[in-house]
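Commentary on secondary and tertiary structure
Take a look at the letters that make up each chain.
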Amino acid sequence: MNPVNYLYLAALLFTIGAAGVVIRRNAIVLFMCVELMLNACNLAFVTFSRLHGNLDGQIIAFFTMVVAAAEVVVGLAIIVTVFRSRHSASVDDASLMKL
Amino acid sequence: MTHAATVHSLWTTAAAAPDKIPSPDIEYGQLSPTLIVLGAAIVGVLIEAFLPRRQRYVAQLFVSVVALAAAFAAVIGLAAGDYGTSKARVAAMGAIAVDGPALFLQGTILLVALVAVFTFAERRLDPVVHGNRVDSFAAQAAAVPGGDAEKAAVKAGFTTTEVFPLVLFAVGGMLVFPSANDLLTLFVALEVFSLPLYILCALARRHRALSQEAAVKYFLLGAFSSAFLLFGIALLYGYAGTVAYSGIADVVDGQVRNVTPALAGTMGNDALLLIGGAMVLMGLLFKIGAVPFHMWTPDVYQGAPTPVTGFMAAATKVAAFGALLRLLYVVLPGLRWDWRPVMWGVAIVTMLGGAIVAVTQTDVKRLLAYSSIAHAGFILAGVIATTPEGISSVLFYLAAYSFVTLGAFAVVTLVRDAGGEATHLSKWAGLGRRSPLVAAVFAVFLLAFAGIPLTSGFAGKFAVFKAAADGGAGALVVIGVISSAVAAFFYIRVIVLMFFSEPRTDGPSVAVPSPLTSSAIAIGVAVTLVLGVAPQYFLDLASQAGVFVR
């Protein structure tokens, strides 16, 4: 199959993730959408790696996974502390500060 | 050949004997500033694990200060060894540049971090709780605000000494960020300095709900923007077949030597280059806090513990502008006719947006946040110049601005009432009559923000606007001066409020700090005045440092 199709898939996944971040209201779901975007990046890296015939992209995909894992640790910790103090993970409730 | 082998050979080939993998060549001496800071951060984690609680504070403070000072000495040593000028090179297998701008910005970040650590360690501002001196950070960050666990932690005198290793990790990432010489290093450095900052934002002792909310906003928007940055990196990698800055620059300029068929296909695809470049820029402009990627700035600056806000506002901006400069001047100079109009637009809306919205603010920290947005716009004007003067003026502005910011936020920690810091502007009325010294110091910082002569703000703004005008961005300078005038209005308004209005009877008191915060503020004032009165030496230093290695 033409590798370019995988790029279209990566772009589609990235767009779904970005749209999810904008539309959804639950912090956990938002965070999952961000992870979807990162995985779309991985797919793009691996596809380009195949296209160019060098391994850089595949190695970068590993780095991205590690970074995403670190981000999960920090992100879930923050979201959970907020959930415990407010009993809500909705980002609309996080509105103590307004213009 | 059997049937199975025939089919198999359709998608496999006999593996060639693997070549020996060359062992990487790491220049430890040239990377020593970063290595010292990250090593000290790991020592800090070990201190948290093995030392009893009582001894951690002193040990952590000692390790942090020594490490930052040693790393700064290492930067000076490298600069003295001409690594900033004639011996500029690319270290760590092409991943990290050791050159003038990198060393200048690393030195600035380290000094800023050193002063910021003083404000982190301050323990005399909050009243003594259960016989324990406390700092600005939560007794136990995991405890629910107002819950039993928190009360027990406060009573037991717990403190979050983890902030010191977190700061060191953040500084380590910030040191790499402006010197990253390939896009992967750029991304990893971005995350290494962002993740500790997200945590630090959530650790305030007072107003914990506000602090946690700031952390959630910063984290979600930060992760969102770094995903954009990463997709941009993927597209640039697809365009050029490499993530090395010089490699991409060669492809952009059409000077690549051996063009593979795949590269020939992707090279002609400008959509990859333009969209990829735009997305990487987006990620960097988010960290800089430029309009329209600034939404997080006021909330995070307001909610985060004030020492963290000061550190973040100063050091993040230095690191992110360094990375932006390198990206635009090393990777995408061949594309400047495409990015300059975009950056023009961003600079204009950033300068005007920050200055105009700041006029309506009633909270000191939010006011300073919007002022930092406006300043990001002024610095962008220097970035747009695309001349060597542009680079050096931006370097100088960053050094000047970061110390003013740090000092201003350190003063904000001093003005307190029963609920902690009194950040509402109405409470600052008449502060100049009660505490003339503190008000005068804050006035100096505000005048520097406004760019009044004899302060570092004036020297910086003059350098940046002059570079922009010489670089053919005269209209931008006019808009910059107009928004400076708008910004001066609200800085002066705060000064008038402090000195020429009646003090409120229920007004805040000014806490007497320990030598730590005092010296942080004193350093801020000293740098502001020295860079304002005698800027020439530092301008020369910046212009010597203003050449990127490629």
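Residues numbered from 1 in each chain as written. Chains lettered and ligands numbered in written order. Predicted model: local features only at pLDDT ≥ 70, side-chain atom pairs only at ≥ 80, totals over all residues.

**Some remarks on helix H12 (residues 296-303) of chain B**
Burial within H12 of chain B is extensive, with eight of its eight residues counted as buried. Those residues of H12 of chain B that fall on the buried side of the exposure criterion are Trp296, Thr297, Pro298, Asp299, Val300, Tyr301, Gln302 and Gly303 of chain B. (Buried ≥ 20, exposed ≤ 12 C-beta atoms within 10 Å, placed from the backbone. Helix = DSSP H or I, 4+ residues; strand = E, 2+ residues; numbered from the N terminus.)

**So, the interface of chain B and chain A**
Tallying the contact residues gives 37 residues for chain B and 36 residues for chain A. At 17 residues, helix H8 (residues 208-240) of chain B tops the list of elements feeding residues into the side of chain B that touches chain A. In the side of chain B that touches chain A, the residues fall into 25 nonpolar, eight polar and four charged. (Contact = placed C-beta atoms within 7 Å. Nonpolar A, V, L, I, M, F, W, Y, C, P; charged D, E, K, R; others polar.)

**Digging into the sheet that holds strand E4 (residues 420-421) of chain B**
Residue and element names in this part refer to chain B. Read from one edge to the other, the open sheet built from three strands follows the order E4-E3-E5, with strand pairing classed as antiparallel. Each of the sheet's edge strands pairs with one partner strand only, and the pair in question is E4 and strand E5 (509-510). Here strand E3 (residues 415-417) pairs with E5 via two bridges, running antiparallel. Across the sheet, the residue bridging to Arg416 is Ser509, located in E5. Packing against the sheet, helix H16 (residues 388-414) makes contact with E3, E4 and E5, and its axis sits at approximately 25 degrees to E3. (Pairing = 2+ DSSP bridges. Axes fitted to C-alpha atoms, helices over the stretch in contact; angles between N-to-C directions.)

**Regarding the UniProt feature "transmembrane region" (unreviewed entry) in chain A**
All names here are of chain A. When the UniProt feature table is mapped to this numbering, "transmembrane region" (unreviewed entry) covers residues 6-23, 28-48 and 60-83. Its end C-alpha atoms 30 Å apart, residues 28-48 is made of 100% helix and 0% strand. Annotated as 100% helix and 0% strand, the span residues 60-83 places its first and last C-alpha atoms 33 Å apart. (UniProt positions renumbered as here; feature names shortened; annotations may be inferred.)

**Some details on the nonpolar core**
Side chains of nonpolar character tend, in soluble globular proteins, to be buried together. Residues and elements named next belong to chain B. The biggest cluster of nonpolar side chains holds 240 residues, and the ones touching the most others in it are Val37, Ile109, Ala113, Val167, Cys201 and Phe231. Broken down by element, the residue count for this core peaks at 21 residues, all from H8. With sequence-adjacent residues up to four places away left out, Ile109 is seen in contact with Val171, Met174, Leu175, Ala315, Val318 and Ala319. (Core = buried A, V, L, I, M, F, W, Y, C linked by C-beta atoms within 7 Å.)

**Quick look at the environment of Ala215 of chain B**
Along the polypeptide, Ala215 of chain B turns up in helix H8. Its 29 C-beta neighbours within 10 Å are what place Ala215 of chain B among the buried residues. Once the C-alpha coordinates of Ala215 of chain B and Cys201 of chain B are considered, the two residues, 14 residues apart in sequence, prove to be 5.2 Å apart. Setting aside chain neighbours within four positions, we find Ala215 of chain B in contact with Ile78 of chain A together with Tyr198, Cys201 and Ala202 of chain B.

**Structural notes on the packing of H16 of chain B against helix H21 (residues 515-533) of chain B**
All names here are of chain B. Between H16 and H21, the least distance of the axes is 8 Å, while the angle of their chain directions is 145 degrees. Once H16 is placed against H21, the crossing between them reads as left-handed. Residue-level inspection shows Ala400, Phe403, Val404, Leu406, Gly407, Ala410, Val411 and Thr413 of H16 in contact with H21, the latter providing Thr517, Ala520, Ile521, Gly524, Val525, Val527, Thr528 and Leu531. Here the residues of the contact of H16 with H21 sort into eleven nonpolar, five polar and no charged. (Left-handed = near helix turned anticlockwise from the far one by under 90°.)

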